[in-house]
Amino acid sequence: MIINTGGRTDIVQYYTPWLLKRFEEGYVLSRNPMFPNRVARYDLTPDKVDCVMFCSKNYAPILSDLHKITERFNTYFFYTITAYGEDVEPGVPSIEKSIDTLKRLSSIVGKQRVVWRYDPVLLTDRYTMDVHLDTFRNMAEQISPYVDRCIFSFVEYYDKVPFNMPEIIPFRRDEKQRMAEGLGRIASENDLPIQICVSDGDYSRYGISSSACVTLEALGRANGVRFRDLKHKGMRKRCHCMESRDIGWYSTCPNGCRYCYANSNPDKARENYLLHDSDSPLLIGHLNEGDEVYQAEQESFLSVRRDVRSLDDF
């Protein structure tokens, strides 16, 4: 199975001590979003976890300790760096600092394990198509030698997005084509493979592929292992990624990104953040009376497992 540490919140940026302790103790608890009293227990050991997947906007807090995970597990890293400033992403480091951290991450884990996410792409009076293309060109020139590929997406209009960011200007169909053409051209100029995430459109004419973000083929190639030929069920509508198990929790990321689908509102996220206990097996809070803890199934996707090493080996 694949463990996902960044789908519901930015664990790396805000909860690194907790994450490291979970791997040290060898297990984690995760509530079911639909039935919160149902709590899954996942073993965080090399014989149970095929790959640990990260997605963050700031890897600086974990870099010095990342070897504690990478030396024991297959890993894969998505690094989100966009064109936006503090008006849209209040808790995210500047582009310059983010690119510097990405380079450091790449030097530690290898570029084949690092994917740059430039998403979501959205329009406002400030963040126009020209601003996006100019910023993307500048970033691509610096980032392309350090990543395996780039993934972008057009903003999804979930219920909370128009409410939290009413200044968003909806894309017209022709504007999406123009944006895709520009991103594809800039990526090609920098020898940077590029693809789109969760889209109904076909942008292949611009050199943009529509493959899933997370495939067993990509994870295997990045880590030098072989996975079985399995169907990729997807994680949400129009998604074709390989399924994973997220150990985070919604409305817990203090980044405050105004387009975020995983936070109901920034105040709720800050309130939940205060309930975090780095010693708890749950990201937020503790087990309550009436909670049902069950051992989750952890089927392996690997054809052949790598040698299992314990913490005692280090």
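Up top is the structure.
Report follows, based on the coordinates. Worth saying up front: this structure is predicted, and the values here are computed from it rather than measured. (Residues numbered from 1 in each chain as written. Predicted model: local features only at pLDDT ≥ 70, side-chain atom pairs only at ≥ 80, totals over all residues. Heavy atoms only, no water.)

## Brief notes about unusual backbone geometry
- With an omega dihedral of 0°, the bond running from aspartate 119 to proline 120 counts as a cis peptide bond.
- The residue aspartate 191 is not glycine, and still its phi comes out positive at about 50°.
- With respect to the helices and strands, the residue aspartate 191 is situated in the loop between α6 (173–189) and β8 (194–196).
- Its identity as a non-glycine residue notwithstanding, serine 251 has a phi of 55°, on the positive side.
- You can see serine 251 is positioned in the loop between β10 (245–246) and α8 (266–273). (Helix = DSSP H or I, 4+ residues; strand = E, 2+ residues; numbered from the N terminus.)

## Topic: the layout of surface pockets
- Each pocket or cavity is described by its volume, and for the second largest pocket that value is around 320 Å³.
- Surrounding the second largest pocket, 18 residues form its lining, Lys176, Ser199, Asp200, Gly201 and Tyr203 being those nearest its centre.
- Looking at the lining of the second largest pocket, the elements with two or more residues in it are β7 (149–154) and α6.
- Broken down by element, the residue count for the lining of the second largest pocket peaks at three residues, all from α6.
- Looking at the lining of the second largest pocket residue by residue, the class counts come to seven nonpolar, four polar and seven charged. (1 Å grid on protein atoms, 1.4 Å probe; cavity = no way out; pocket = protein on both sides within 12 Å on 5 of 7 lines; lining within 4 Å. Points joined across faces, edges and corners; volume = space filled by probe spheres on them. Nonpolar A, V, L, I, M, F, W, Y, C, P; charged D, E, K, R; others polar.)

## As for the packing of aromatic side chains
- Inspection of the entire model under this criterion finds 15 aromatic pairs.
- A ring pair is formed by tryptophan 116 and tyrosine 118, whose centres lie 6.0 Å apart and whose planes are at 80°; its orientation type is edge-to-face. Neither residue differs from the other here; tryptophan 116 and tyrosine 118 are each classed as buried.
- The rings of Phe54, Tyr59, Phe77 and Tyr79 are connected pair by pair, giving a single aromatic cluster.
- Sitting above the plane of the tyrosine 294 ring, arginine 38 keeps its charged end 4.2 Å from the centroid. (Phe/Tyr/Trp six-rings, centres within 6.5 Å; stacked < 30°, edge-to-face > 60°. Buried < 20%, exposed > 50% of the residue type's maximum accessible area, 1.4 Å probe, protein only. Lys NZ or Arg CZ within 6 Å of the ring centre and 35° of its normal.)

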